[in-house]
Amino acid sequence: MKMLIAALAGGALLLSGTPALASGPTLGPYGVGKLKLGMTAKRAKATGTVVLKWRDKHSSCSGWDLKAHPTGKNSVGLYISKKRGVAVIFAGKGMRTPEGIGIGATMRQIRRAYPKVRTPRGLNPYVRVPGNPKAYYTFFVGKKKLEQLSIAVLWQDCVS
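Source: prediction; values computed, not measured.

K.L.:
When you look at the packing of aromatic side chains in this model, what are you seeing that I'm missing?
P.N.:
Centre-to-centre distance and the angle between the planes together describe a pair of aromatic rings. Tallying each qualifying case throughout the model produces six aromatic pairs. Ring geometry for Tyr79 against Phe90: centres 6.2 Å apart, planes inclined by 70°, an arrangement best described as edge-to-face. Of this pair, Tyr79 sits in strand E5 (residues 78-81) while Phe90 sits in strand E6 (residues 85-90), and the two are 11 residues apart along the sequence. A relative accessible area of 16% places Phe90 in the buried class. Taken together, Trp54, Tyr79, Phe90 and Phe140 form an aromatic cluster joined through their ring pairs.

This is the structure we're talking about:
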């Protein structure tokens, strides 16, 4: 009985006995909420979850924000490619991958969640998205912690 009271007082527990992750939007394996990787701009807009920030007739991509996670003046929350559809989505505040990785995670936590993560010299660590072989996560790690996270389609043509 004491164990049950302690479990209830400490928050929700999964059946496995591990603490439940904070409930927030999940980034992956196919997008976030109604917004899916590969959707055309028209379909993405029809979800009601995005707003256009900029479009340049000389660019193959346009910049958008998630309505629930607006970004600052000189940034975007996602890119939509004319060829590939929703190509890159950046994590908003409180977003986590299904494996529990979000802003503030350490490289150790990332490696534990994604044993196949690769860190090419001079580039950001990345890994194929579990459950979606057509996508990958990129981890933008600062001095010691994850500062930004994105999910993108393979062969996306919006960011390098």
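Additional details are given in the paragraphs that follow.
K.L.:
Before we go on, may I ask you to explain the nonpolar core in this structure?
P.N.:
Among soluble globular proteins, nonpolar side chains are generally buried collectively. Within the largest apolar cluster, 37 residues are counted, with the highest numbers of intra-cluster contacts made by Leu35, Leu78, Val86, Ile89, Ile110 and Phe139. Residue assignment for this core shows that the elements contributing at least two residues are strand E4 (61-66), E5, E6, helix H3 (107-113), strand E7 (126-129), strand E8 (132-141) and strand E9 (146-153). Here Leu78 is in contact with Leu35, Val50, Ser62, Gly63, Trp64, Asp65, Leu66, Val86, Val88, Ile89 and Phe90, once residues within four sequence places are set aside.

Cut-offs and rules
Counting of residues starts from 1 at the beginning of each chain's written sequence and follows it residue by residue. Selection of residues for local features in this predicted model requires a pLDDT of at least 70, selection of side-chain atom pairs for listing and counting requires 80 or more, and totals for whole chains, interfaces and linings are taken over all residues. Where side-chain values are given, they derive from all heavy atoms of the structure, hydrogens and water being excluded. Only rings of Phe, Tyr and Trp enter the pairing, Trp through its six-membered ring, and a pair is recorded when the two centres are within 6.5 Å. The plane angle decides the type: under 30 degrees is stacked, over 60 is edge-to-face, the rest tilted. Helix numbers and strand numbers start at the N terminus; a helix is a DSSP run of H or I with at least 4 residues, a strand a run of E with at least 2. Think of it in three bands: with a 1.4 Å probe and only protein chains considered, a residue is buried below 20% of the maximum accessible area for its type, exposed above 50%, and partly exposed in between. We call a set of buried residues a nonpolar core when its members are Ala, Val, Leu, Ile, Met, Phe, Trp, Tyr or Cys and they connect through side-chain atoms within 4.5 Å of each other. Note on contacts: a residue pair is in contact if any heavy atoms of the two residues lie within 4.5 Å.

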